[in-house]
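Reading the structure
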Amino acid sequence: QWALLVTGRQRGYLEPCGCAGLENQKGGLMRRQTLIDRLANRGWRVVSVDVGNQVRRIGEQAEVKFDYSVEALRLMQYAAVGFGPDDLRLSATHLVKAITDDEFQPQLFASANVSLFDESFTSLYRIATVGGRRVGITSVLASDHQQKVASTDILMKPPEVGLREIWPKLEQQNCDVHILLAYASLEESRRL
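What counts, and where the lines are drawn
- Residues numbered from 1 in each chain as written.
- Predicted model: local features only at pLDDT ≥ 70, side-chain atom pairs only at ≥ 80, totals over all residues.
- Heavy atoms only, no water.
- Helix = DSSP H or I, 4+ residues; strand = E, 2+ residues; numbered from the N terminus.
- Buried < 20%, exposed > 50% of the residue type's maximum accessible area, 1.4 Å probe, protein only.
- Contact = heavy atoms within 4.5 Å.
- Pairing = 2+ DSSP bridges.
- Axes fitted to C-alpha atoms, helices over the stretch in contact; angles between N-to-C directions.
- Parallel < 35°, antiparallel > 145°, perpendicular 65-115°, else oblique.
- Left-handed = near helix turned anticlockwise from the far one by under 90°.
- Nonpolar A, V, L, I, M, F, W, Y, C, P; charged D, E, K, R; others polar.
- 1 Å grid on protein atoms, 1.4 Å probe; cavity = no way out; pocket = protein on both sides within 12 Å on 5 of 7 lines; lining within 4 Å.
- Points joined across faces, edges and corners; volume = space filled by probe spheres on them.
- Core = buried A, V, L, I, M, F, W, Y, C linked by side-chain atoms within 4.5 Å.

Time to look at the environment of Ser48. As for its position among the elements, Ser48 is in strand β2 (residues 45-50). Residue class for Ser48 comes out buried when judged on its relative accessible area of 1%. It is 6.0 Å that separates the C-alpha atoms of Ser48 and Leu4, two residues lying 44 residues apart in sequence. With residues near it in sequence (within four places) discarded, Ser48 still touches Leu5, Ile36, Tyr78, Ala79 and Ala80.

So, about the sheet that holds strand β6 (residues 133-141). Read from one edge to the other, the open sheet built from three strands follows the order β5-β6-β8, with strand pairing classed as mixed. Strands at the two margins of the open sheet, each flanked by one partner only, are β5 (126-130) and β8 (177-183). Strand-to-strand twist of the sheet, defined as the mean angle between neighbouring strand axes without regard to direction, takes the value 25°. As judged from the five bridges shared by β5 and β6, these two strands associate in the antiparallel manner. Note on β6: the bridge partner recorded for Ile127 is Gly136. Packing against the sheet, helix α5 (residues 159-171) makes contact with β5, β6 and β8, and its axis sits at approximately 160° to β6.

This next bit is on the packing of helix α2 (residues 60-75) against helix α3 (residues 92-99). One can describe the packing of α2 onto α3 by two numbers: an axis separation of 10 Å at closest approach and a directional angle of 25°. As the angle between them shows, α2 and α3 are arranged roughly parallel. The crossing of α2 and α3 is right-handed. Between α2 and α3, the contacting residues are Glu63, Phe66, Asp67, Val70 and Arg74 on the first element and His94, Leu95, Ala98 and Ile99 on the second. Residues that form the contact of α2 with α3 fall into these classes: five nonpolar, one polar and three charged.

Another point: unusual backbone geometry. Only a minority of non-glycine residues have a phi that is not negative, and only a minority of peptide bonds are not trans. The backbone phi angle of Gln77 is positive, close to 60°, even though this residue is not glycine. Residue position: Gln77 is located in the loop between α2 and β3 (80-81). One non-glycine residue with positive phi stands out, namely Leu108, at about 65°. The topology assignment puts Leu108 in the loop between α3 and β4 (114-116).

Now for the layout of surface pockets. Looking at the largest pocket, its volume works out to about 230 Å³. Lining of the largest pocket is provided by 13 residues; of these, Arg45, Val46, Val47, Met76 and Gln77 occupy positions nearest its centre. Elements supplying a minimum of two residues to the lining of the largest pocket: α1 (29-41), β2 and β5. The element best represented in the lining of the largest pocket is β2, accounting for four residues.

Our next topic: the nonpolar core. Soluble, globular proteins show a tendency: their nonpolar side chains are buried together. Core analysis: the biggest nonpolar cluster contains 40 residues, and Phe66, Tyr78, Leu88, Phe109, Leu116, Ile137 and Ile154 have the highest contact counts within it. Aside from chain neighbours lying at most four places away, what touches Tyr78 is Leu5, Thr7, Arg32, Ile36, Ser48, Val49, Asp50, Leu73 and Leu108.

Coordinates in, geometry out; function isn't part of it.
Encoded structure:
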């Protein structure tokens, strides 16, 4: 048995802010890790995915929060992460440094319609194996959210175009389950 854990829209809150009392707030990276551990202790294999928007502002503080978030997602063994529009407001150079390894190979992040500089720094999809099943995962950023990104270093396609282009490649991976992380409205997500 396995569980799919879907997170997203962290918006820079590494921990709950405490403004309404910590006992009344959910979330934070430590609580997320606790949930994953509890599921694992009950015998569930967990495939964790995140739709994106690790941060909500720009500047040095947002970059530091993004870096900590990405490292935490790696440590929690997330299978795939998408880009939110606020993530893409950070400099493309900083994003490449944060989401690739020392050899500039893509790690964690996958998108069918967003890439940094060119497609070599971002995976189109990621494959997770759980309980003998192959899980193919990709993400898209909706067109209306793309309008919030003003960097020429970030290449974007309409979601439909990106999905149409990668589907034959993903289909060849013989996955048992396909997951689309859509940073989009519910209506657009259903359509996609």
